[in-house]
Amino acid sequence: MENSRLCCFAILVLMSFCVHQLNCGDATAAKADVGVILDLDTTLGKMYRTCISMAIEDRNANHNHNHTTMIVPHFRDSRGDVVAAASAAIDLLHNTRVMAILGPQKSIQADFVIDIGDRERVPVISPATSPALPLKETPYFIRSAWCSSSQAKAIAAIVKAFGWKEVVLVYENSIYGSGLLPYLTVNLLQSNVVISNLSFIPPYAKDDQVLQELFNLKEMQTKVLIVHMPLDIASRFFQMAKEVGMMTEGYAWLISDPLTSLLSSVDSVTTEAMQGVLGVKALVPRSEEVRRFTKRWSKRFHEENPNIDRAELNVFGLWAYDSTSALAEAIERVGFPSQRVNRGNSALASVLRNFTYKGLSCDFNITNGQLQSSAFEIVNVIGKGDNTVGFWTEKYGISKELKFNGDKPIYSTEKESLRGILWPGQTSNVPKGWEIPTSGKKLRVGVPIKGLGFNEFVNVTWNQETNAVEASGFCIDVFKEVIGTMPCDVEYIPFPTTDGQSTEYYDDLVYQIYLDKYDIVVGDVTILANRSKYVDFASPYIESGVATVVPIKDVERKNAWIFMEPLTRGLWLTIGAFFIFIGCVVWVLEHRVNKHFQGPPRKQIGMIFWFSFSTLVYAHMEKVKSNLSRFVVFVWVFVVLVMTMSYTANLASMLTIQQLKSTYMIKKGEYVGFQTGSLVAIFSNSIIFGDYNIRSYSSFEEYDEALSKGTRNGGVAAIVDEIPYLRLFLSKYHHKYTMIDQKYIRTSGFGFAFRKGSPLVSDFSTAILKLKEDGKIDMIARRWLGPEGHHYGDGLESLDLDHFRGLFLIVGVSTSTALAIFFSTFLYQNQQILASSGSIKEKLHDLGRAFFAMEKDDASKHSETGGEIVLAQSPSIKTSCDEKGMHSQDERLSTIQTETHEEEFNTIDADVEAPIHYAERV
């Protein structure tokens, strides 16, 4: 019993000693009073409070470091109100006399508290993200979260990746919402994307105000919407957007941070309404330390807030933990000797504005008073939460996997760099970004009022029955084909001039788009650089350019050598060389079997040239007996046929062009006409008309009359105009005039004009290209402008060797093959000579004698009585040794078949001496 009492007494003494030591330790540490201003009635405010408390407790519980200061937090509830936040700051500064303030959360609250802290020289460490907050002007403001401007490049990269050209920015009308606007505008413009509309919602907007703004957004053509607003307003906004039918297929929604980071805290109704939304949020490190802290935080948060079912730790909670730890570390570095740290020390603010700390959020790096950003995560709202589809970094752009500094630095803005995305309406089809409303205002289409002529392009009339403007013509038909693929209504608005004629250069008409009077301009509008400064053009639907029309007359000077022009000099020489080559080949193949290719040398040389060149007109009368010769001649005659036909066609074309060509008729000082108010009028003082006098005309009838009269009778020598107009003119007067291409200027053609950045441009361009590929635009052009084919150039090009390279290759291969077969057979028949022991010179001499000896064909081997010619073998010829000691050898000549007629014997060359004995006929 006494022993147990002694044990209890010893334990009590030990516990008292430990408590005394702890109290002594606490007593030696200086107290640092820190104010914390949060919206404690919100889930995010409660998250901040738990993280800040845990950071202070973890630091105080760490006995491995001998801390000289202890953070004492003083929490105040701002209740989501600006005045309450300012009152809390004044209370903390004047009554509690805190040395620093953590918070408030919202930018609109921080704007007031920062000013108070600056006057009192107390650091304000706030997670407010708006770039509109005066960071540089207030040395006591430290931003403990990423500035929202840092995500502008990431959002612009996503928009560019999907090819959207216009977006609508929906934001809260406060310092928080408007702060992102200038940064986002600049980065989108760098990606050739414009913000077509701005839609702002008041911070305390009622449901009917939000609903009215949604109806306004629904009537817009642009269907890509970027939302930048706090969580409370965004939750109501998306629920109402689903009710009005704006969370369906065709829409693309992008949300910014911190809204994206807070998705884990929204209720299931809001999550269901936001299905298919894309978002950008700060990347949360996935380290083991973060996972352990998340478990601790989740347990404690739900113990402190049992009524909150859905709450997850996000990056803002990690930043709150790290900023509290960084503040305690900064106070430790500055050092305060007293038991209670006093405020008003500028050294603390200086340390905090450039502070690097290794925290839960990885590198907690504050530079110039602002936490530096790194990587962003791109998420897609699917199901009950968000799904990661990619990442964005300043160095690598968009990527499926997070890239680090060791990877190859290639910046990507391709949609293929993202994983699969489920868009609103539960579809994987990427929204095109715009849609013309089926209800509401129509597309305003500006059309020019033409004069009395050229109405085939655009003709504007007034329908008195329907009281509406109607338009027809080539340009209008092409426009109707394109717009027919799009669900929209249009109204034609004529653009008249004071005199009722066509506009001078169409510049005024195009400029109406810049003044927002038209959405599109449709007509014979030429795409020019100066017009592209104010509008965007779709792909040209008809190519253009400036050319000249002149009367059809004979040329004054004839060309005596025009028959040589169809072929180039190189081709003429090549053909001549092949003629001689083919003659030689046929002579080689026929010499031993055909008497026509034998005789004196002059006769044989003449036969070579005669036979080959006679094939040009198919006048060769000599029959060839060798199959190899027949093969060679057959191939060569085919080649000659092709070349002859090509030559004839090209010569006929050149003679025709020469007949019609009238370039030489336009002389200096003569009159040249052009269309009144057309593009050509711009160049009236340029090089086109530098050597001529000019006259303007307003119809094709006036063109015809002026050209018929000529310069001497008050008309013109030529008409200079754009090719589409001249094509229409020639379809009516093709028997009198022709077009010559002077190559004065090349224009891009006619195109539809739109306002800058209009999403209609890409869709119209795609539709026009499709119509061209299907041939529909050509059909429309033939219906209105007539067929093409009246444009004659300065002449045709001469045919060169490249046009017949394949034919000459065939001739070369066939003749080479025939020669190879012939010589192989010849050497085989005379293998006794090759096998003899004579010298090479003697062998070649004997082969030559054998070649020049005539070979009997099978038909001539029989006599008239049916007898057979028997050829005796020549006796062995002994060659005596010469003075040099050469030994003699028997040499046997090959048996040579020959005809018995003495007349044919005489055809053998007299210089060839062959010891051949002819046998008597039996």
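Conventions adopted
- The residue count restarts for each chain, going from 1 along the sequence in the order it is written.
- In keeping with the model being predicted, local features are shown solely for residues with a pLDDT of at least 70 and side-chain atom pairs are shown and tallied solely at 80 or more, while totals for entire chains, interfaces and linings include all residues.
- Note that water and hydrogens are dropped before the side-chain values are worked out from all heavy atoms of the structure.
- Helix and strand definitions follow DSSP, with helices as H or I runs of at least four residues and strands as E runs of at least two, each counted in order from the N terminus.
- Type-normalised accessible area, obtained with a 1.4 Å probe on protein chains alone, sets the label of each residue: buried when under 20%, exposed when over 50%, and partly exposed for intermediate values.
- Only heavy atoms enter the contact rule, under which two residues are in contact if any of them lie within 4.5 Å.
- Each accessible area is a Shrake-Rupley estimate made with a 1.4 Å probe; only the visible protein chains count as cover when residues are assessed.
- For this analysis, a nonpolar core means a set of buried residues of the types Ala, Val, Leu, Ile, Met, Phe, Trp, Tyr and Cys, connected via side-chain atoms within 4.5 Å.
- Between any two strands, at least two bridges found by DSSP are needed for them to pair.
- Angles here are taken between N-to-C directions and fall from 0 to 180 degrees, while the axes themselves are lines fitted to C-alpha atoms, restricted in helices to the stretch in contact.
- Salt bridge criterion: a side-chain nitrogen from Lys or Arg within 4 Å of a carboxyl oxygen from Asp or Glu.
- In this analysis, the expected span of each helix is defined as 1.5 Å times one less than the number of residues it contains.
- Between the rings of Phe, Tyr and Trp (Trp by its six-membered ring), a pair exists once the centres lie within 6.5 Å; its type follows the angle of the planes, with under 30 degrees stacked, over 60 edge-to-face, and the other angles tilted.
- Patch membership is restricted to residues that have no salt bridge and whose relative accessible area is over 30%. Joining uses 9 Å for like charges and 5 Å for the nonpolar side chains Val, Leu, Ile, Met, Phe, Trp and Tyr.
- For classification purposes, angles smaller than 35 degrees are called roughly parallel, those larger than 145 roughly antiparallel, those between 65 and 115 roughly perpendicular, and all remaining angles oblique.
- By definition, turning the near helix anticlockwise from the far helix through less than a right angle yields a left-handed crossing, and turning it clockwise yields a right-handed one.
- For this scheme, ten residues count as nonpolar: Ala, Val, Leu, Ile, Met, Phe, Trp, Tyr, Cys and Pro. Four count as charged, namely Asp, Glu, Lys and Arg, and the remainder, Gly too, count as polar.
- In protein, a polar contact requires one atom able to donate a hydrogen and another able to accept it; more generally it is a pair of N or O atoms within 3.5 Å, and residues adjacent in sequence count only if both atoms are side-chain atoms.
- Scored between 0 and 100, pLDDT is the confidence that the predictor attaches to each residue.

Secondary structure summary: the chain contains 26 helices and 31 strands in total. In the chain, buried positions account for 49% of the 922 residues. Of all intrachain contacts in the chain linking residues separated by at least 6 positions in sequence, the fraction that spans at least 24 positions is 72%. When the accessible area of the chain is evaluated, it comes to approximately 46300 Å², of which 55% is carbon and sulfur surface.

Counting 82 residues, the largest nonpolar core has Phe 162, Leu 254, Trp 319 and Leu 327 as the members making the most contacts within it. Among the elements that take part in this core, helix H12 (residues 315-334) stands out by supplying 11 residues, more than any other. Not counting residues within four places of it along the chain, the set of residues in contact with Phe 162 comprises Leu 278, Lys 415, Leu 418, Ile 421, Trp 423 and Val 430. By size, the runner-up hydrophobic cluster in this structure holds 55 residues, among which are Val 445, Ile 476, Val 482 and Ala 538.

With that settled, consider the sheet that holds strand S6 (residues 166-172). Overall, mixed pairing links the 8 strands, which are arranged S7-S6-S8-S9-S10-S14-S15-S16 in an open sheet. Two strands bound the open sheet, and with one partner strand each, they are strand S7 (194-201) and strand S16 (397-399). Direction aside, the axes of adjacent strands within the sheet are offset by 30° on average. By the bridge criterion, 4 bridges tie S6 to strand S8 (residues 224-228) in an arrangement that is parallel. Among the inter-strand pairings, Val 170 is bridged to a residue of S8, identified as Val 227. Of the strands in this sheet, S6, S8, strand S9 (252-255), strand S10 (278-282), strand S14 (376-382), strand S15 (385-393) and S16 touch helix H5 (residues 152-161), which is tilted by about 150° from S10. Against the sheet, helix H8 (residues 207-218) engages S6, S7 and S8, with an angle of about 165° to S7.

The next point concerns the pattern of salt bridges. Any two side chains of opposite charge can pair, given that their charged atoms come close. Summed over the entire model, instances satisfying the criterion amount to 26 salt bridges. Here Glu 272 and Lys 242 are joined by a salt bridge, their closest N and O atoms 3.9 Å apart. Of the two residues, Glu 272 is situated in helix H10 (residues 268-273) and Lys 242 in helix H9 (residues 231-243); the sequence distance between them amounts to 30 residues. A salt bridge links Lys 770 to Asp 774, with the shortest nitrogen-to-oxygen separation between them at 2.7 Å. A residue pair is termed a helical-turn pair when its members lie 3 or 4 positions apart in one helix, as Lys 770 and Asp 774 do in helix H21 (residues 760-774) at 4 residues. Note on Asp 774: relative accessible area 41%, which makes it partly exposed. Shared partners join several salt bridges into a network, and the residues in it are Glu 57, Arg 300 and Glu 304.

Moving on, we come to the sheet that holds strand S12 (residues 362-367). Within a sheet, adjacent strands bond to each other through the backbone by hydrogen bonds, running parallel or antiparallel. The mixed open sheet is built from 8 strands, whose spatial order is S2-S1-S3-S4-S5-S13-S12-S11. Two strands close off the open sheet at either side, each with one partner strand: strand S2 (69-77) and strand S11 (355-359). Summarising the sheet, strand S4 (residues 124-126) and strand S5 (residues 141-146) pair through 3 bridges and their orientation is parallel. In the strand pairing of S5, Val 124 is matched with Phe 141. On the sheet, helix H3 (residues 82-96) packs against strand S1 (30-38), S2 and strand S3 (100-102) and is oriented at approximately 165° with respect to S1.

Further remarks concern helix H2 (residues 43-61). Taking 1.5 Å of rise per residue, the 19 residues of H2 would be expected to cover 27 Å, and the 27 Å separating its terminal C-alpha atoms lies within 8% of that figure. Turning to H2, its buried residues are Leu 44, Gly 45, Met 47, Tyr 48, Thr 50, Cys 51, Ile 52, Ser 53, Met 54, Ala 55, Ile 56 and Arg 59. Buried residues along H2 sit in contact with S1, S2, S3, helix H11 (288-304) and H12.

Geometry of an aromatic ring pair is reported as the spacing of the ring centres plus the angle between the planes. All told, the structure shown has 42 aromatic pairs when counted by the stated rule. Here the aromatic rings of Phe 479 and Phe 752 are separated by 5.7 Å at their centres, their planes lie at 75°, and the arrangement is edge-to-face. Of the two residues, Phe 479 is situated in helix H14 (residues 474-483) and Phe 752 in the loop between strand S27 (737-745) and strand S28 (753-755); the sequence distance between them amounts to 273 residues. Classification of Phe 752 as buried rests on a relative accessible area of 0%. Members of the aromatic cluster, connected to one another through ring pairs, are Phe 457, Phe 474, Phe 479, Tyr 492, Tyr 541, Tyr 725, Phe 750, Phe 752, Phe 754 and Phe 764.

Okay, a nonpolar patch on the surface next. Taken together, the side chains of Tyr 511, Tyr 514, Leu 515 and Tyr 534 define a hydrophobic patch exposed on the protein surface, amounting to about 390 Å² of accessible area. Mapped onto the elements, Tyr 514 comes out in helix H15 (residues 507-514). With a relative accessible area of 48%, Tyr 514 lands in the partly exposed category.

On to unusual backbone geometry. That bond from Gly 103 to Pro 104 is cis: its omega, 0°, falls within 30 degrees of zero. By secondary structure assignment, the location of Pro 104 is in the loop between S3 and helix H4 (107-120). Not every positive phi belongs to a glycine, and Arg 79 is a case in point at roughly 55°. You can see Arg 79 is positioned in the loop between S2 and H3. Overall, the relative accessible area of 55% leaves Arg 79 in the exposed class.

Time to look at the pairing of strand S26 (residues 718-722). Taken across its 5 residues, S26 has 5 buried, putting it largely inside the fold. Across 4 bridges, the pairing between strand S23 (residues 546-551) and S26 is antiparallel. Residue Thr 548 lies in a different strand from S26, and its bridge partner there is Val 720.

Right, let's get into the environment of Lys 242. Using a relative accessible area of 41% as the deciding quantity, one classes Lys 242 as partly exposed. Sequence spacing of Lys 242 and Thr 270 is 28 residues, and the spatial spacing of their C-alpha atoms is 9.8 Å. When sequence neighbours within four positions are dropped, the list of residues in contact with Lys 242 reads Met 247, Glu 272 and Ala 273.

Among the 9 residues that make up S1, 8 are buried, leaving the element largely enclosed by the rest of the structure. Pairing analysis gives 3 bridges linking S1 to S3, with the strands arranged parallel. By the bridge assignment, Gly 35 is partnered in S3 with Ile 101.

Before going further, it helps to spend a moment on the packing of H3 against H4. Two quantities define a packed helix pair, namely the angle between the helix axes and the distance between the axes. At a minimum axis distance of 8 Å, the contact between H3 and H4 shows a crossing angle of 25°. Viewed along their axes, H3 and H4 adopt a mutual orientation that is roughly parallel. Between H3 and H4 lies a crossing whose hand is right-handed. Two secondary-structure elements touch here, H3 through Val 82, Ala 85, Ala 86, Ala 89, Ile 90, Leu 93 and His 94 and H4 through Ile 108, Gln 109, Phe 112, Val 113, Ile 116 and Glu 120. Of the residues belonging to the contact of H3 with H4, the class tally is 10 nonpolar, 2 polar and 1 charged.

Turning next to the environment of Val 36. Along the chain, Val 36 turns up in strand S1. Under the relative-accessibility criterion, Val 36 is labelled buried at 1%. Separated by 65 residues in sequence, Val 36 and Ile 101 have C-alpha atoms that sit 5.7 Å apart. Those residues within four positions of Val 36 in sequence are excluded, and the remaining contacts are Ile 52, Pro 73, His 74, Phe 75, Arg 76, Leu 92 and Leu 102.

Moving on, we get to the side chain of Asn 380. Structurally, Asn 380 can be placed in strand S14. Owing to a relative accessible area of 0%, Asn 380 belongs among the buried residues under this scheme. A distance of 3.2 Å separates the side chain of Asn 380 from the backbone oxygen of Val 277, its partner in a polar contact. Ignoring sequence-local partners within four residues, the contact set of Asn 380 consists of Gly 276, Val 277, Leu 278, Gly 385, Asp 386, Asn 387, Val 389, Ile 421 and Leu 422.

Among the secondary structure elements, Arg 531 is positioned in the loop between strand S21 (520-521) and strand S22 (535-537). Exposure remark for Arg 531: the relative accessible area of 5% places this residue in the buried category. Here the side chain of Arg 531 touches Thr 526 through a polar contact of 2.7 Å, landing on its backbone oxygen.

What follows covers the confidence of the model for the chain. Averaged over every residue, the pLDDT of the chain is 79; the share at 70 or more is 79%. Note on residues 790-795: pLDDT under 50 across the span, and 19 contacts to partners over four residues away in sequence or across chains. Throughout residues 856-922 the model reports pLDDT below 50, and contacts reaching past four residues in sequence, or to other chains, amount to 75 contacts.

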